[in-house]
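Tertiary structure, described
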Amino acid sequence: MFNLILFGPPGSGKGTQSEKLIAKYNFKHLSTGDLLRNEITRKTPLGLEAKKFMDKGQLVPDEVVIGMISSTLDNNPNVVGFLFDGFPRTATQAEALDKLLELKQQSINVMLALDVSEEELVKRLQKRGETSGRSDDNQQVIRTRILEYNKKTSPVADYYRKSKKAEMVKGEGTIEEIFKGLIKEIDSRIHKK
Ligand code: ADP
């Protein structure tokens, strides 16, 4: 298996690039944002709990997200690899993910971090808010999401830097240019194995 984390702040293009990577490599896409929104749509207890945090732009508690990931890993035993998108978002989640993968004799191969300036992020998120229909794409909530990212999520990059699994990729430019940058990093690692 080849397990990849696509990392970056809100609005860095993780969703867009994930779609393209999945089409190319057949990874199983694991987006905690999508999984949570699906729970909200189905009005499950987990979804109703998560919504309280998401509407404010705050992170959903670790135990909720980790439980959701754990069952998704169990439900997908025969995949070429997982593409984690929007997860792990805290150091606690990163440690939990390592443990869950270890139980399956698996590990993370690489964390690719999309590098985008804060100015560009706010611009993209506001533009997305005009069409996404996502209640958290408005100015007040966007600000909270970026603060949460800087405080709780950016330390996750250090976690993978320590094990030499982190790689920065240019997150500005055309969608195709950014995609090429990601492919280059993935292919150099897949082919080494
Ligand atoms: P974005 O990357 O644009 O912020 P996501 O769809 O990844 O969008 O996340 C939307 C919201 O869902 C987050 O603001 C947060 O409240 C919640 N969320 C998603 N993934 C996680 C996670 N791994 N841990 C905690 N909360 C999460």
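The structure contained in this document is the topic of the report that follows. Keep in mind it's a predicted model, so treat the numbers as computed, not measured. (Residues numbered from 1 in each chain as written. Predicted model: local features only at pLDDT ≥ 70, side-chain atom pairs only at ≥ 80, totals over all residues. Heavy atoms only, no water.)

Extensive coverage of strand E4 (residues 110-115) is indicated by the burial of five of its six residues. Relative to E4, strand E1 (residues 4-7) runs parallel, the two being bridged by four bridges. Considered in E4, the bridge of Leu4 is made with Val110. The sheet contact formed by E4 and strand E5 (residues 166-170) spans five bridges and is parallel. Bridge assignment links Leu114 to a residue of E5, and that residue is Val169. (Buried < 20%, exposed > 50% of the residue type's maximum accessible area, 1.4 Å probe, protein only. Helix = DSSP H or I, 4+ residues; strand = E, 2+ residues; numbered from the N terminus. Pairing = 2+ DSSP bridges.)

Let's shift gears to the site of the ligand. Taken together, 19 residues sit near the ligand, with Thr32, Arg37, Gln58, Gln93 and Arg145 positioned nearest. Side-chain polar atom of Thr32 to a nitrogen atom of the ligand: 2.8 Å apart, as the coordinates give it. Take Arg145: an N or O atom from its side chain is 2.8 Å from an oxygen atom of the ligand. Protein contacts shield 96% of the accessible area of the ligand, which totals 550 Å² for the unbound molecule. Top contributing element to the shell around the ligand by residue count: helix H2 (residues 32-41), with four residues. Its residues assigned to classes, the shell around the ligand comprises seven nonpolar, five polar and seven charged. (Near = heavy atom within 4 Å. Polar contact = N/O pair within 3.5 Å; in protein donor to acceptor, adjacent residues only side chain to side chain. Areas by Shrake-Rupley, 256 points an atom, 1.4 Å probe, with all protein chains shown as cover. Nonpolar A, V, L, I, M, F, W, Y, C, P; charged D, E, K, R; others polar.)

Mapped onto the elements of the fold, Thr90 is located in the loop between strand E3 (82-85) and helix H5 (91-103). The residues touching Thr90, leaving out its near neighbours within four places in the chain, are Leu59, Asp62, Lys152 and Val156. (Contact = heavy atoms within 4.5 Å.)

One open sheet accounts for five strands, arranged E2-E3-E1-E4-E5; its pairing is parallel. This sheet does not close on itself; its edge strands, each paired only once, are strand E2 (28-31) and E5. Averaged over all pairs of adjacent strands, the angle between their axes in this sheet comes to 25 degrees, without regard to strand direction. Here E1 pairs with E3 via three bridges, running parallel. Residue Leu6 lies in a different strand from E3, and its bridge partner there is Asp85. (Axes fitted to C-alpha atoms, helices over the stretch in contact; angles between N-to-C directions.)

Okay, helix H6 (residues 118-132) next. Taking 1.5 Å of rise per residue, the 15 residues of H6 would be expected to cover 21 Å, and the 20 Å separating its terminal C-alpha atoms lies within 8% of that figure. Residue Gly133 follows H6 closely and has a positive phi angle near 70 degrees. (Expected span 1.5 Å × (residues − 1).)

A two-sided burial pattern is seen for E3, the buried positions comprising Phe82 and Phe84 on one face and Leu83 and Asp85 on the other. In terms of strand pairing, E2 meets E3 through four bridges, oriented parallel. From the neighbouring strand, Leu30 faces E3, where its bridge partner is Phe84.

Let us look at helix H3 (residues 45-54). Restricting attention to buried positions, one finds in H3 the residues Gly47, Ala50 and Met54. For H3, the angular spread of buried residues about the axis comes to 70 degrees, placing them on one side. The inward-facing, buried residues of H3 abut H2 and helix H7 (139-162). (Arc of directions from axis to C-beta.)

Here the focus is the nonpolar core. Judged by nonpolar contacts, the single largest core of 28 residues is most densely connected at Ile5, Phe7, Leu73, Phe84, Leu97 and Tyr160. Where this core is concerned, the elements lending two or more residues are E1, H3, helix H4 (62-74), E3, H5, E4 and H7. Sorting elements by how many residues they give to this core places H4 first, with six residues. When sequence neighbours within four positions are dropped, the list of residues in contact with Tyr160 reads Ile5, Pro88, Ala94, Leu97, Ile108, Met111, Lys165 and Ala166. Ranked by size, the runner-up nonpolar core spans 17 residues in total, among them Phe27, Leu83, Phe179 and Leu182. (Core = buried A, V, L, I, M, F, W, Y, C linked by side-chain atoms within 4.5 Å.)

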